[in-house]
Amino acid sequence: MKGVKLMRGNNFSEDSTASDGAIRVWRNARLATLKEGSARLGTVEKGAILTKDGRIVFAGSEADLPDVSNADAIDLEGRWVTPGLVDCHTHIVYGGNRAREFEMRLEGASYEEIARAGGGIVSSVNATRALSVDELVAVALPRLDTLLAEGVTTIEVKSGYGLNIPSELKMLRAARRLEEVRPVRVVTSYLGAHATPAEYKGRNGDYIDDVVLPGLRQAHAEGLVDAVDGFCEGIAFSTAEIARVFDLARSLGIPVKLHAEQLSNLGGAKLAASYGALSADHVEYLDEDGVKAMAAAGTVAVLLPGAFYAINEKQKPPVKALREAGVSIAIATDSNPGTSPLTSLLLTMNMAATLFRLTVEECIAGATREGGRALGLLSETGTLEAGKSADFAIWDVESLAELVYRIGFNPLHAHVFKGKRFNR
Ligand code: DI6
Ligand code: FE
């Protein structure tokens, strides 16, 4: 079906016949519904999806389809279909790059040493502060398009490279703008507590008083904040400092999440769980106490193998303990200029399996259903179920294991976002 270029410069095109009102039945498909509690990813061999006004009306066996006589029929020719991919942890809005630090790490400097010497997050700050909202959108789009080309339909985007109020707001406005210019759902996280900028070096408390808390109030007042995040680490903020930010988030009714136990164990995951956090992310150094707290709170563990790989970390997250405690496991790119300049959720799945020994099913669930859970969006996306947004990915693979097994290969045939098809 001939498509039309949706936007200049991207690598997929919208199906020109698509329209929000269209009733369409996508048949002759092998569905991985990812329905909660189902075995084998909720697979349906001769499956079909009925969509109307951008929503899923039915997803299941063709034999059980309701009357589809007034629907446009699309034959998926036996292809596998998964929910649209969800990248639940990214920092794709930022200026400049940190290739020089990459070289410094190859020369033996650690991520932590570079950060303490004034590099790391702080060095991305100047490059980010120098850009306008339009320029931040422009530099983020190639990263976003690369993710969308692999079937991502929902993405979380954080602030955290502005570290003053105007620049943090600029980053969040740019994140919101991405949703206007691309077929994607963007969920934002305020990450003012990412690092303390040079002008507040050694004065975390003042930075929180002068920037992080008033910045959160302003961003919230402008409707720019879907969640509040923080970096709980020796090179960033203590649990007590994070608690001050989370107290404000809670008073504003905003859910929280936390970069926790990435390089050491400050008890960040336990603190996050005490606030009912959506997720605790990285968690390489998570202990039994933290696992128990996350399980009790229903806090999702978001594993970020790209950062583990890029900084050559040795401590792996306690996957066995997380499984045994019933903690949900999501995976994400953590796409950022410092520890994870990664823009492939498919490669992230391969890394999660190869480095952290997640199973194929855990990887696919981690990049769909569990990613949706980590964003508090499970009622909207992440599985193929009636009532949810019609977000799904159509694959040219013989088996779903190929999505995790291949390294640097994209088998996406097309994807659908809110019922509209985008061909590769
Ligand atoms: N942990 C990370 O890996 C990123 N942020 C964080 O809190 C690193 C961000 C950067 O180095 O630019
Ligand atoms: Fe991160």
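Every value quoted in this text rests on a predicted model; they were computed, and no experiment measured them.

Cut-offs used in this document
Residues numbered from 1 in each chain as written. Chains lettered and ligands numbered in written order. Predicted model: local features only at pLDDT ≥ 70, side-chain atom pairs only at ≥ 80, totals over all residues. Heavy atoms only, no water. Helix = DSSP H or I, 4+ residues; strand = E, 2+ residues; numbered from the N terminus. Rg over C-alpha atoms; globule rule 2.2 N^0.38 Å. Buried < 20%, exposed > 50% of the residue type's maximum accessible area, 1.4 Å probe, protein only. Domains from an automatic or database assignment. Contact = heavy atoms within 4.5 Å. Buried area = accessible area lost by both parts, 1.4 Å probe. Salt bridge = Lys/Arg side-chain N within 4 Å of Asp/Glu carboxyl O. Donors = N, O, S within 2.8 Å, 3.2 Å for Na, K, Ca; no water. Tetrahedral: all angles 85-135°; square planar, octahedral: opposite > 155°, others 65-115°. Core = buried A, V, L, I, M, F, W, Y, C linked by side-chain atoms within 4.5 Å.

## Re the overall build of the protein
Here's step 1: The secondary structure content of the protein amounts to 15 helices and 18 strands.
Here's step 2: Here the C-alpha atoms of the protein give a radius of gyration of 21 Å, agreeing with the 22 Å that 2.2 N^0.38 yields for 424 residues.
Here's step 3: Counting only C-alpha atoms and orienting by the principal axes, one finds that the protein spans roughly 65 × 45 × 45 Å.
Here's step 4: Across the 424 residues that make up the protein, the buried fraction comes to 61%.

## Quick look at the environment of Val 228
Here's step 1: Along the chain, Val 228 turns up in strand β11 (residues 227–232).
Here's step 2: Remark: the alpha-carbon pair of Val 228 and Ser 264, spanning 36 residues in sequence, is separated by 21 Å.

## A short note on the domain arrangement of the protein
Here's step 1: Split by domain assignment, the protein resolves into domain 1 (13–83 + 383–423) and domain 2 (85–375).
Here's step 2: Centre-to-centre separation of domain 1 and domain 2, based on C-alpha positions: 30 Å.
Here's step 3: Contact with domain 1, which involves 28 residues of that partner, is made by 24 residues of domain 2.
Here's step 4: Sorting the residues of domain 1 by area buried against domain 2 places Leu 34, Val 404 and Phe 417 first, and these three jointly supply 28% of that buried surface.
Here's step 5: Inspection of the domain 1/domain 2 interface yields three salt bridges.
Here's step 6: The residue Glu 36 makes a salt bridge to Arg 369 at a minimum N-O spacing of 3.8 Å.
Here's step 7: For the side of domain 1 that touches domain 2, the elements supplying multiple residues, two or more each, are β7 (80–83), β16 (392–395), α15 (402–405) and β17 (412–417).

## A look at the coordination of the iron ion (ligand 2)
Here's step 1: Around the iron ion (ligand 2), the protein contributes the donor atoms His 89 (NE2), His 91 (NE2), His 259 (NE2) and Asp 334 (OD), which lie 2.1 to 2.3 Å from the metal centre.
Here's step 2: Taken together, the four donor atoms coordinating the iron ion (ligand 2) span angles of 82 to 167° at the metal, a pattern that classifies the geometry as irregular.
Here's step 3: All donor residues of the iron ion (ligand 2) come from one chain, and their arrangement in sequence is H-x1-H-x167-H-x74-D. In this pair, His 259 sits in strand β12 (residues 257–260) while Asp 334 sits in the loop between β15 (329–331) and α12 (345–356), placing the two residues 75 residues apart along the sequence. Just as His 259 is buried, Asp 334 falls in that class too.

## Quick word on the nonpolar core
Here's step 1: In this structure, Ile 155, Leu 178, Val 225, Val 228, Leu 303, Met 349 and Trp 395 are the most contacted members of the largest nonpolar core, which totals 102 residues.
Here's step 2: In this structure, this core is formed jointly by two domains, domain 1 (13–83 + 383–423) and domain 2 (85–375), each of which donates at least three residues.
Here's step 3: Filtering out sequence-adjacent residues up to four positions away, Trp 395 remains in contact with Arg 79, Trp 80, Thr 82, Leu 85, Glu 150, Leu 346, Leu 403, Asn 410, Pro 411, Leu 412 and His 413.
Here's step 4: Among the nonpolar cores identified, the runner-up in size contains 16 residues, and Ile 49, Val 81, Leu 384 and Phe 392 belong to it.

## Digging into the pattern of salt bridges
Here's step 1: A complete count under the given rule lists 31 salt bridges for this structure.
Here's step 2: A salt bridge links Glu 62 to Arg 27; the nearest nitrogen and oxygen atoms lie 3.2 Å apart. Here Glu 62, found in the loop between β5 (55–61) and β6 (72–75), pairs with Arg 27, found in strand β3 (residues 23–32); they are 35 residues apart in sequence, far enough to count as distant.
Here's step 3: Given a relative accessible area of 17%, Glu 62 falls into the buried group.
Here's step 4: Under the relative-accessibility criterion, Arg 27 is labelled partly exposed at 28%.
Here's step 5: A salt bridge links Arg 30 to Glu 45, with the shortest nitrogen-to-oxygen separation between them at 3.0 Å. Remark: Glu 45 occurs in strand β4 (residues 43–52) and Arg 30 occurs in strand β3; sequence separation between them is 15 residues.
Here's step 6: Each of the salt bridges in this network shares a partner with another, and the network as a whole consists of Glu 36, Arg 369, Glu 370 and Arg 373.

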